[in-house]
Amino acid sequence: MSDDYISNPEFWQNLDLLVEKNGFVIERPKGSRHPRFKAFIYPYDYGYIPFTKSSDGAELDIWIGNSNTRRVTGILNITDMDKYDAEMKILYACTDKEMHHIYEVNNQVMMRGILLKREV
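From a predicted model like this one, the values you see are computed outputs, not experimental measurements.

A. Main features of the overall build of the chain. For the chain, the count of helices and strands is three helices and six strands. The order of α-helices and β-strands along the chain, N terminus first, is α-α-β-β-β-β-β-α-β. For the chain, the C-alpha radius of gyration of 14 Å lies close to 14 Å, the compact-globule estimate for 120 residues. Overall, the chain is about 40 × 30 × 30 Å in size when its C-alpha atoms are taken along their principal axes. Among the 120 residues that make up the chain, the fraction classed as buried is 40%. In the chain, the proportion of contacts linking residues at least 24 apart, taken out of those at least 6 apart, comes to 52%.

Shown next as structure tokens:
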């Protein structure tokens, strides 16, 4: 495999375009509780990108960090054995520390994931 395939810049540009064109809706603000798992408190804003479709049939999920870099900074691919599915979550404007924290909170109980960071 070539490096161009592994870190395809057009992939990241396409994700940026999805966010730029459609925006995002924050349905679970930082500090709010998960509606089903009351012990879980969202460490960052969490929502979805309208007019998109994820593998679970809903819109693409998005975590929004606090970086001044207003672009997609990574993705998290997860398996959720509670729902018995796999899906991609967009990490937007996240610092390295925030991406690692999001990775950690998405690797608990029935979920396991991998983090792919966008190269600078």
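B. Inspection of the pattern of salt bridges at higher detail. What the rule picks out here adds up to six salt bridges. One salt bridge connects Asp82 with Arg36, and the closest N-O pair in it is separated by 2.6 Å. One end of the pair, Asp82, is in the loop between strand S4 (72-80) and strand S5 (85-92); the other, Arg36, is in the loop between strand S1 (25-28) and strand S2 (45-49), and 46 residues separate them in sequence. You can call Asp82 partly exposed: its relative accessible area is 39%. Here Arg36 falls in the exposed class, since its relative accessible area comes to 54%. Measuring nitrogen to oxygen at the nearest pair gives 3.4 Å for the salt bridge that ties Lys89 to Glu87.

C. View of the sheet that holds strand S6 (residues 111-117). The six strands are arranged S1-S2-S3-S5-S4-S6 in an open sheet whose pairing can be described as mixed. The open sheet is flanked by S1 and S6, the only strands paired with a single partner. Each neighbouring strand pair of the sheet contributes to a mean axis angle of 30°, computed without reference to strand direction. The strands that helix H2 (residues 9-22) touches are S2, strand S3 (60-64), S4, S5 and S6; relative to S4, the one it contacts most, it runs at about 95°. With respect to the sheet, helix H3 (residues 96-105) is in contact with S3, S4, S5 and S6, its orientation differing from that of S6 by roughly 160°.

D. Main features of H3. Along H3, the positions that sit buried rather than exposed are Glu98, Met99, Ile102 and Val105. Seen end-on, H3 carries its buried residues on one side only, within an arc spanning 130°. Packing partners of the buried residues in H3 comprise S3, S4, S5 and S6.

E. Layout of unusual backbone geometry. One non-glycine residue with positive phi stands out, namely Ala93, at about 55°. By the secondary structure assignment, Ala93 is in the loop between S5 and H3. Look at Val109: it is not a glycine, yet its phi comes out positive at around 50°. With respect to the helices and strands, the residue Val109 is situated in the loop between H3 and S6.

F. Structural detail: the packing of aromatic side chains. What the rule picks out here adds up to six aromatic pairs. Among the aromatic residues, ring-to-ring pairing joins Phe40, Tyr42, Tyr46 and Trp63 into one connected group.

The rules behind these values
- Residues numbered from 1 in each chain as written.
- Predicted model: local features only at pLDDT ≥ 70, side-chain atom pairs only at ≥ 80, totals over all residues.
- Heavy atoms only, no water.
- Helix = DSSP H or I, 4+ residues; strand = E, 2+ residues; numbered from the N terminus.
- Rg over C-alpha atoms; globule rule 2.2 N^0.38 Å.
- Buried < 20%, exposed > 50% of the residue type's maximum accessible area, 1.4 Å probe, protein only.
- Contact = heavy atoms within 4.5 Å.
- Salt bridge = Lys/Arg side-chain N within 4 Å of Asp/Glu carboxyl O.
- Pairing = 2+ DSSP bridges.
- Axes fitted to C-alpha atoms, helices over the stretch in contact; angles between N-to-C directions.
- Arc of directions from axis to C-beta.
- Phe/Tyr/Trp six-rings, centres within 6.5 Å; stacked < 30°, edge-to-face > 60°.

It is worth stressing that arrangement in space is one thing and function is another; only the former is reported here.
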